[in-house]
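Architecture and fold: a report
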Amino acid sequence: MFSINVKGERNPRDLEMVKLRLIFFQSGYNRIPKVIPISGRYEEWNQKRQLFDGNTKDVHERNQLILKEKLRYRKIAEKWESSGYDWIPKELAHYFDQRDKDSIPYIRVSAMLDRIAEQFHKQERIKNGHVLTSSSNAKKYKLLKKTLGEFTHNVYRKEFSKYRFCDINESFLAAFVLYLKKRGAQNGNGGGVQGKLKLLHATFVAAKRQGVYNVRIAVFDSVRTKYKVQPVTPKTISSKTVTMIEEMDTSWLTHRQMMDRELFLFSAYVGGMSPVDVCYLRHRSIKGNEIIYERIKCDKIARPVLIDKAKAIIEKYRKTCSEYVFPVFTRKHDTTKRMLGRVRQLSHRVNDTLACICESLGIQEHITWRMARSYFISKMVDEGYHALQIAEQTGNSPGTIHRFYYSHTNKEELRQNMNKVF
């Protein structure tokens, strides 16, 4: 049920004149006032009739303008009601204020997620001479929208597309967290609670900055501990394991498996360079005895020292490549999307090769290409190098190094030393 009434009061700037407001009301919501550019003498205003009294032509014209103003808003409200659109009084009050419908401040949460995803998809960055998009971030927001759609359908039997920002309250977030944890338990993981809450919080912040109405960021106070960065146990590789991979008999490896092994070792030698940075590495980034490059995943410059073992791997592939250090890309990888797809494909292949090598060598550790970074950092810390020296080579801050990557690589040696201490 809704109503649109007209209320008049003395104009503070001229007490003899009346200031008129349309009052929009809908059951379950506060009344929303909106000033209309129609005025007259206060003594002629009839609040009961919601019109001016008098038989003059001027009074008649003003009354017609008031009725016309009410009618155009009523038509919109009735149209929304007949179509089943779930509207709010504030949305109706400002309906005719919006010249650009794409900037309507009543955008639903799902539409806001689409908007953010589209912005990331179009966003371009320059990294080491490459033009890259933020498609990975766009994918995260699309996945969040899909997850929220499944949640509202399964828990509330309601389409997520109808949810406004004001509909997401403390109880909604609590139920969403529980839903994610239950689903994660079934899949043997944590449900991605932290990541999804952070993205949803970022969506609220973006909506607030863009002037979307009824965005209450404080609603996340109830789950703030859920999306704060939790302490992690870094996963690294022992020096013994890496030595076994270095000294292994490689005669049984295929050409591709040999390259996979050398890509992993190269990462371990040069600051734990991430897979995507290894694949995108160009010869022009090599400056004497160091590599200088901007990390693709963050705005950090890394300057790893180029040791002899890493140089030998580079030289092995120098004749098979042109501008890139390793023969990862071919002519068909002519777009950023295809190049990133190739990186993902190669990462899986390297991990499969490492699993095969570990099985043949009897190594019990689970090794992935990405663990080369934690190996390098842990090795350097154990050897006594200063955190700032390590940070310069890896493109991480000293705090990040100790918080997310460092782990003692030789537990048995640690245990023996502790036996002597205690």
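Here's a quick rundown of the structure. Small disclaimer: the values here were computed from a predicted structure and weren't measured. (Residues numbered from 1 in each chain as written. Predicted model: local features only at pLDDT ≥ 70, side-chain atom pairs only at ≥ 80, totals over all residues. Heavy atoms only, no water.)

Description of the packing of aromatic side chains
For any two aromatic rings, the description comes down to two numbers: the centre-to-centre distance and the angle of the planes. Rules: For this analysis, a ring pair means two rings from Phe, Tyr or Trp (six-membered ring only for Trp) whose centres lie within 6.5 Å, classed as stacked if their planes differ by under 30 degrees, edge-to-face if by over 60, and tilted for the remaining angles. Think of it this way: any DSSP run of H or I at least four residues long counts as a helix, any run of E at least two long counts as a strand, and we number them from the N terminus. Classification of residues uses two cut-offs on accessible area relative to the type maximum, computed with a 1.4 Å probe and protein chains only: under 20% is buried, over 50% is exposed, and between them is partly exposed. Ring-over charges, as used throughout, are those where CZ of Arg or NZ of Lys falls within 6 Å of the ring centre and within 35 degrees of the ring normal.
Scanning all chains against the criterion turns up 21 aromatic pairs. Geometrically, the ring pair formed by F151 and Y156 is edge-to-face, given 5.5 Å between the ring centres and 85 degrees between the ring planes. Pairing Y280 with F329 gives two aromatic rings, centres 5.4 Å apart and planes at 65 degrees, and the pair type is edge-to-face. With Y280 in helix α10 (residues 275-280) and F329 in the loop between α11 (308-317) and α12 (336-361), the pair connects residues that are 49 residues apart, well separated along the chain. Taken individually, Y280 and F329 each receive the classification buried, so the pair is uniform in this respect. One residue, R31, lies across the ring of F25, its end atom 4.5 Å from the ring centre. Positioned above the aromatic ring of F96, the side-chain terminus of R72 is 4.1 Å from the ring centre.

Some thoughts on the side chain of D260
Counted only if it meets this: We define a polar contact as two N or O atoms separated by no more than 3.5 Å, with the added condition that, inside protein, one atom must be a possible hydrogen donor and the other a possible acceptor, whereas residues neighbouring each other in sequence contribute only through side-chain atom pairs. The contact rule is simple, with two residues in contact once any of their heavy atoms fall within 4.5 Å.
Within the fold, D260 resides in helix α9 (residues 255-269). Residue classification places D260 among the buried residues on the basis of a relative accessible area of 1%. Here R349 takes part through its side chain, which lies 2.7 Å from a polar atom of the side chain of D260. In this view, D260 contacts L346, R349, V350 and T353; residues no more than four positions away in its chain are not counted.

What about the pattern of salt bridges?
Formally: Whenever Lys or Arg places a side-chain nitrogen within 4 Å of a carboxyl oxygen from Asp or Glu, that contact is recorded as a salt bridge.
Under the defined criterion, the tally for this structure stands at 22 salt bridges. A salt bridge links R164 to D167; its shortest N-O distance comes to 3.7 Å. Relative accessible area serves as the criterion here: at 6%, R164 is assigned to the buried category. Of the charged contacts in the structure, one is a salt bridge between D260 and R349, with a shortest N-O distance of 2.7 Å. Of this pair, D260 sits in helix α9 while R349 sits in helix α12, and the two are 89 residues apart along the sequence. Linked by salt bridges that have partners in common, E16, R41 and E43 make up one network.

Interpretation in functional terms is not warranted from these geometric data alone.
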